[in-house]
Amino acid sequence: SSDALNDVVISRGAIAKSIRLDTYIDGGWATTYHGDGLIVATPTGSTAYALAVGGPILPPELKNILVVPVAPHLSMDRPMVLAQGATIQVVVDPHTATEVVLTVDGELIASLESSDNVTIRSSEHVSRFVRLRDQNYFYRSLLDRLEPRVPARNYTISGAGDRAVSLRDNRR
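Note that this is a predicted model, so its numbers are computed, not measured.

K.L.:
Can you break down the confidence of the model for the protein chain residue by residue, with the values?
P.N.:
On average, residues of the protein chain score 85 in pLDDT, and 85% of them are at 70 or above. Averaged pLDDT values for the elements of the protein chain fall to 51 in strand β12 (residues 165-169) and rise to 97 in strand β7 (residues 88-92).

K.L.:
Hey, could you go over the sheet that holds strand β3 (residues 28-35) for me, with residue numbers and the actual values?
P.N.:
Taken in spatial order, the four strands make up an open sheet running β3-β2-β7-β10, and their pairing is antiparallel. The open sheet has two edge strands, β3 and β10 (117-120), and neither has a second partner. Across the sheet, the mean angle separating the axes of adjacent strands is 20 degrees when strand polarity is ignored. Both strand β2 (residues 19-25) and β7 contribute to a ladder of five bridges, which runs antiparallel. What sits directly across from Ile-25, in β7, is Ile-88.

K.L.:
If you had to explain helix α2 (residues 137-146) to someone new, which residues and values would you point to?
P.N.:
Every buried residue of α2 is listed here: Phe-138, Ser-141 and Leu-142. Down the axis of α2, the buried side of the element spans an arc of 100 degrees, and every buried residue falls inside it.

Definitions and cut-offs
- Residues numbered from 1 in each chain as written.
- Predicted model: local features only at pLDDT ≥ 70, side-chain atom pairs only at ≥ 80, totals over all residues.
- Heavy atoms only, no water.
- pLDDT = per-residue confidence, 0-100.
- Helix = DSSP H or I, 4+ residues; strand = E, 2+ residues; numbered from the N terminus.
- Pairing = 2+ DSSP bridges.
- Axes fitted to C-alpha atoms, helices over the stretch in contact; angles between N-to-C directions.
- Buried < 20%, exposed > 50% of the residue type's maximum accessible area, 1.4 Å probe, protein only.
- Arc of directions from axis to C-beta.

Dropping the structure here:
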């Protein structure tokens with residue numbers, strides 16, 4: 001048993017062969033992923049490995065779980081955002097004939113065998129972070145990292161209700 005702040009990754013080992021992972025959500029079969037692996041991430045982890053392979057960005061105040069396939073081949077290739085409290089069970093398909101490894105926040109936890117299963121759910125432990133910046137710090141710092149060549153703009157949004165809204169550039 002391990003706790004993760006960022007992500008749990010089930011992936012192929014050193015041999016470059018696809019693996020098959022039977023995936024169940026809340027006890028029901030969802031899909032079988034055929035590819036390099038599967039990332040199950042927290043909102044904090046959504047801006048790390050999960051983002052690098054095409055997953056969405058989740059704000060840190062959410063409590064959802066993110067499931068993102070890594071290099072899927074002829075299988076579900078879209079990330080899924082699961083409801084708060086969802087349980088994911090991943091079973092190494094018996095037809096997988098290569099090494100499969102389990103990592104938690106980048107640390108190798110175990111090598112998995114055919115038919116081994118990993119159950120992932122929200123932890124009872126909650127991380128708390130001190131925020132010393134404005135309310136929109138998360139989006140601004142993220143966009144600054146993703147678009148480092150685009151200067152930040154100071155826009156004000158004005159308008160009333162559902163009527164026309166205008167952006168005013170406050171640069172001077």
